[in-house]
Every structure is written in structure tokens, then in C-alpha cells.
Amino acid sequence: AGYCWESVRVSTDRGSSIDQIVNHGLRYEISWIAMAGALVTAVCKEYLYHYNLRWGKRLNNQGIVANAWENRSDAMSSFGTFVGITAIVVGGQRWTVLDPIITVIVAVLIIRFALGILLPNINILIGRSAGQGVVESIRAAAESIPGVQDAHSIRTRFAGSDLPELGRGGPRGG
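This text gives an overview of the structure that appears in the document.

Rules and cut-offs
- Residues numbered from 1 in each chain as written.
- Predicted model: local features only at pLDDT ≥ 70, side-chain atom pairs only at ≥ 80, totals over all residues.
- Heavy atoms only, no water.
- Axes fitted to C-alpha atoms, helices over the stretch in contact; angles between N-to-C directions.
- Helix = DSSP H or I, 4+ residues; strand = E, 2+ residues; numbered from the N terminus.
- Parallel < 35°, antiparallel > 145°, perpendicular 65-115°, else oblique.
- Contact = heavy atoms within 4.5 Å.
- Nonpolar A, V, L, I, M, F, W, Y, C, P; charged D, E, K, R; others polar.
- Left-handed = near helix turned anticlockwise from the far one by under 90°.
- Salt bridge = Lys/Arg side-chain N within 4 Å of Asp/Glu carboxyl O.
- Buried < 20%, exposed > 50% of the residue type's maximum accessible area, 1.4 Å probe, protein only.

### Comments concerning the packing of helix α4 (residues 62–91) against helix α5 (residues 98–118)
No. 1: Following both chains from N to C, one finds α4 and α5 inclined at 170°, their axes separated by 10 Å at the closest point. By the angle between their directions, the pair α4 and α5 is classed as roughly antiparallel. Along the contact surface, α4 presents Ala66, Trp69, Arg72, Ser73, Met76, Ser77, Gly80, Val83, Gly84 and Ala87, while α5 presents Leu98, Ile102, Val106, Leu109, Ile110, Phe113 and Ile117.
No. 2: Classifying every residue of the contact of α4 with α5 by side-chain character gives twelve nonpolar, four polar and one charged.

Dropping the structure here:
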């Protein structure tokens, strides 16, 4: 506990940094360089989002699509930082109140993006198999191939797309 307190405590005339925040206000020294850096980062991450999303959809690869959404959340965080810095540079110290407000907005957006990735892909994450109707369709398609006598022990699982993955086994009982 002592180490934690010392890492938070700052030696100043008024005491700890927590005391400064609560009783004396937090002072920022922010310049246009930080503002430009946040904007450039936001634009680059947004470009990466569009690039990865396009390729993820083209290749039907949910991993690339998920990475695109991670780029989007980075872009939103950087844009929120840009807005907060701009408000302080242009409007002065009284606009520091925007920082926690922007943080909450960005956090809600990131949670929304995460749910948008998680919910459609839950079958892949839990390794759920395809339904009985899909298994029967696979059996019928396999048995329609010349030389196939009996399609049995069909096991499926979702593996990166809406289509199940199918394993090939040997002869029955073998």
C-alpha cells in the first residue's frame, strides 16, 4: 500500500496530486503539437479501419474484421483526445471538464463496437456445431458423390465464417 501511495503522491507545496485535483484544480500545459498528434493518429487509425474492414469482408475473415474494429476504437479514442486537447488549447483551463465526459463517450462506443464483434461471432468462440438440418444436408451431398457408400459420424464446428467446417473420417468402425 505504501508503494501505491508513493507512486500517486507528488512532492509539491500543496501535497499530493490527488489533493491538487480535488482542492486546487488540475493544471494542463498543452500545445498545438499534442493537438496535431492526436488528429494525425485519429486519421491514420480511421484509414486502417477502412482498409482492414474492406479486406476482411473481401476475404470473409472475421479476424481481420475484428482488427478493423480495434482500429476504429483507437481512432475514436484519438479523436476524443483531439477534441479534449482542442477545447483546452482554444477555451482554456475551464474546459478540462470535457476530459471525463469524452472518456465516458469513447468507452460506451468501444463497448458498442465490442458487442458488434462478439455477438455475431459467438458460435466461433464457443465452438458450437452446426444444426441437425445442416448435418443432414452435408450427409445427402456427400452420399450423392459417386463412390461414397455411407456418410457417417459427421461432426461440424464453426470456423471463421457462417459455414461449418467438416472433417473427413475413415471407414465406419475403423
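Moving on from the coordinates now.
### As for the environment of Ala66
No. 1: The residue Ala66 is located in helix α4 in this model.
No. 2: Separated by ten residues in the primary sequence, Ala66 and Gly56 have C-alpha atoms spaced 8.4 Å apart.

### Considerations on the packing of helix α3 (residues 32–58) against α4
Geometry of a packed helix pair, given as the angle between the helix axes and the separation of the axes.
No. 1: Where α3 contacts α4, the two axes come as close as 7 Å, and the packing angle between them is 160°. One element, α3, and the other, α4, form an angle in the roughly antiparallel class. Relative to α4, α3 is oriented so that their crossing is left-handed.
No. 2: When grouped by side-chain class, the residues that make up the contact of α3 with α4 number 17 nonpolar, nine polar and five charged.

### Regarding the pattern of salt bridges
No. 1: One pass over the structure, following the stated rule, counts three salt bridges.
No. 2: Two residues, Lys45 and Asp74, come together in a salt bridge whose shortest N-O distance is 3.3 Å. Of the two residues, Lys45 sits in helix α3 while Asp74 sits in helix α4, which places them 29 residues apart along the sequence.
No. 3: Residue Arg139 pairs with Glu136 through a salt bridge whose shortest N-O separation is 3.5 Å. Here Arg139 pairs with Glu136, and both are found in helix α7 (residues 132–143), just three residues apart, close to one helical turn.
No. 4: Its relative accessible area of 36% is what places Glu136 among the partly exposed residues.

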